[in-house]
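Structural overview
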Amino acid sequence: ADGKDYISLVKTIQIKGIGAESNQYHLKLNITQLAGIKWYIMNKKELLTFAKNYRKITDSITHLVFDKKPVHDKYLGYFKKMTLYDNEFINLYFLLVHVDMNKYSYQEATAIVRDNFDNKVLKNIFNEKYFISEDYKTLMGGEYLTYILKLDYLQDSTLKKINNYTLEKVSKTYTGKAKDYILYRLITYHVDITRSIESLNSYKEQFKPYISMLSNPFYKRSVGEKIAAKEAELLKIGTGKPAPAFTLKSSLAKTYSLADFKGKVVYLDLWASWCGPCRAETPHLKTLYNKYKDDNRIAFISVAVSDGVNEWKRALEQDKPDWIQLLDTEGTVDKAYVANSIPQFIIIDKQGNIVNLDAPAPSSGKAVESLLLKEMEK
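About the cut-offs
- Residues numbered from 1 in each chain as written.
- Predicted model: local features only at pLDDT ≥ 70, side-chain atom pairs only at ≥ 80, totals over all residues.
- Heavy atoms only, no water.
- Helix = DSSP H or I, 4+ residues; strand = E, 2+ residues; numbered from the N terminus.
- Contact = heavy atoms within 4.5 Å.
- Areas by Shrake-Rupley, 256 points an atom, 1.4 Å probe, with all protein chains shown as cover.
- Lys, Arg positive; Asp, Glu negative; His and termini not counted.
- Charge placed at Lys NZ, Arg CZ, Asp CG, Glu CD.
- Core = buried A, V, L, I, M, F, W, Y, C linked by side-chain atoms within 4.5 Å.
- Buried < 20%, exposed > 50% of the residue type's maximum accessible area, 1.4 Å probe, protein only.
- Right-handed = clockwise from strand over helix to strand, strands pointing away.
- Disulfide = S-S within 2.5 Å.
- Salt bridge = Lys/Arg side-chain N within 4 Å of Asp/Glu carboxyl O.
- Phe/Tyr/Trp six-rings, centres within 6.5 Å; stacked < 30°, edge-to-face > 60°.
- Lys NZ or Arg CZ within 6 Å of the ring centre and 35° of its normal.

Here we take up the overall build of the protein. The helix and strand tally for the protein stands at 16 helices and seven strands. Pairs at least 24 residues apart make up 69% of the contacts formed inside the protein by residues separated by at least 6 positions. Element-wise, carbon and sulfur atoms account for 51% of the exposed surface of the protein, whose accessible area totals about 20100 Å². With 55 positive and 45 negative side-chain charges, the protein shows a spacing of 3 Å between the two charge centroids.

So, on to the nonpolar core. Residues Tyr174, Leu268 and Tyr337 are the most contacted members of the largest nonpolar core, which totals 94 residues. Ranked by the residues each element gives to this core, the list is headed by helix H4 (residues 76-101), at ten residues. Counting 16 residues, the second-largest nonpolar core is a separate cluster that includes Leu285, Leu288, Ala359 and Val368.

Of all the five residues making up strand E5 (residues 324-328), five are buried; the element is thus mostly covered by neighbouring parts of the structure. Going residue by residue along E5, you find Ile324, Leu326 and Asp328 tucked away on one face and Gln325 and Leu327 tucked away on the opposite face as well. Taken together, strand E4 (residues 298-305), helix H14 (residues 309-319) and E5 form a β-α-β motif whose crossover is right-handed.

The subject of this paragraph is the state of the cysteines. This structure, assessed with the given rule, holds one disulfide. Note on cysteine connectivity: Cys275 is disulfide-linked to Cys278, with sulfurs 2.3 Å apart. Here the disulfide of Cys275 and Cys278 is right-handed, its torsion about the S-S bond being about 75°. For the residue pair Cys275 and Cys278, the accessibility class agrees, reading buried in each case.

Before going further, it helps to spend a moment on the side chain of Lys137. Topologically, Lys137 is positioned in helix H7 (residues 134-141). Overall, the relative accessible area of 15% leaves Lys137 in the buried class. If sequence neighbours within four positions are ignored, Lys137 has contacts with Phe131, Tyr181, Ile182 and Arg185.

Overall, the coordinates contain 14 salt bridges when judged by the stated rule. Between Asp67 and Lys80 there is a salt bridge whose closest N-O contact spans 2.7 Å. One end of the pair, Asp67, is in the loop between helix H3 (44-66) and H4; the other, Lys80, is in helix H4, with 13 residues separating them in the sequence. Here Asp67 falls in the partly exposed class, since its relative accessible area comes to 34%. One salt bridge connects Lys169 with Asp152, and the closest N-O pair in it is separated by 2.8 Å. With a gap of 17 residues between them, Lys169 in helix H9 (residues 165-173) and Asp152 in helix H8 (residues 143-155) connect regions that are remote in the sequence. Here Lys169 and Asp152 have matching classes, each one buried.

Further remarks concern the packing of aromatic side chains. Applying the stated rule across the entire model yields 30 aromatic pairs. With 4.7 Å between their ring centres and 65° between their planes, Trp39 and Phe94 make a pair best called edge-to-face. Residue Trp39 is found in the loop between helix H2 (31-35) and H3, and its partner Phe94 is found in helix H4; the two are separated by 55 residues along the sequence. Looking at Trp39, the relative accessible area reads 8%, which means it is buried. Ring centres of Tyr54 and Phe94 lie 5.0 Å apart, and the angle between their planes is 85°; this geometry places the pair in the edge-to-face category. In this pair, Tyr54 sits in helix H3 while Phe94 sits in helix H4, placing the two residues 40 residues apart along the sequence. Relative accessible area serves as the criterion here: at 5%, Tyr54 is assigned to the buried category. Taking the ring centre of Tyr181 as reference, the NZ or CZ of Lys137 above it sits at 5.3 Å.

Below, the structure written as structure tokens:
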């Protein structure tokens, strides 16, 4: 926690082959991973010491790499500036994550950032010059946005109930290129993860004022194209449409096709071993399955998507689900079912048609059970 471990580690790092000759200007050394330091669980004092020393180390390495004389490459200065900005905003990232993960008052939260980061940068944080840093761009759509929203909620918790408050906050707080970029990212994110045509149509109306704020022609055109593509995608697989067919191998090396379950209601679970929320649903799904496992009107099927074979098998050994477990190694199922985010639960009727592409999760209890019983009784 006092920084000695990773300082001594960095002293052993030798920089070789970095410079104009190798075209490797943007040095990204993740010292925290290298040292295995869990900075995110440190207390305030430890975290501030860590952040200060981390910045000192990364700036030192950056100067070691980019301050070579003579300079034979006209772009070296650009990449030096980019790396120094990265270092600066990674430092801010540590502070913001710490504030987000701990219970601080409004005054305490603002003080931690104000007293430990360059206030000149904070007062001019939407300056376009920072856009050469990918860490800055990520921060502005992630931890910084989370931070300023948290400050608002600490002052007035009712703001959480306002529809699209995040977009509203960005539209009124961010300026210039940062405003354009983050509005675009937020809008396209929601479009990408939309699972029903009804939700998409609702978003189209809600997002109109924010889309009109976009000054970048590419962003406006891209949003329109993404909405149109998502609409075409969802119309192919909407309620009442045939569920996309698939044939996959199970954890017991048996081959299953969706057609094998014609005449039964199918509760389809799309998940992955690396997905925490997916794994959290497993105990609830186990309870639901155990209640209806002897009912021949329904089948429970889990399909692992975007997953590795070994990771999938390891998760099955740990969680011990009793129902059918399939692995989609080719990515056909998540694409066919528009599974841009998981977990995703789907109800398919006895005729093999989609009932609900975004069905309630097992943890919803009566909400999902009533829908399943409704279909089972038909």
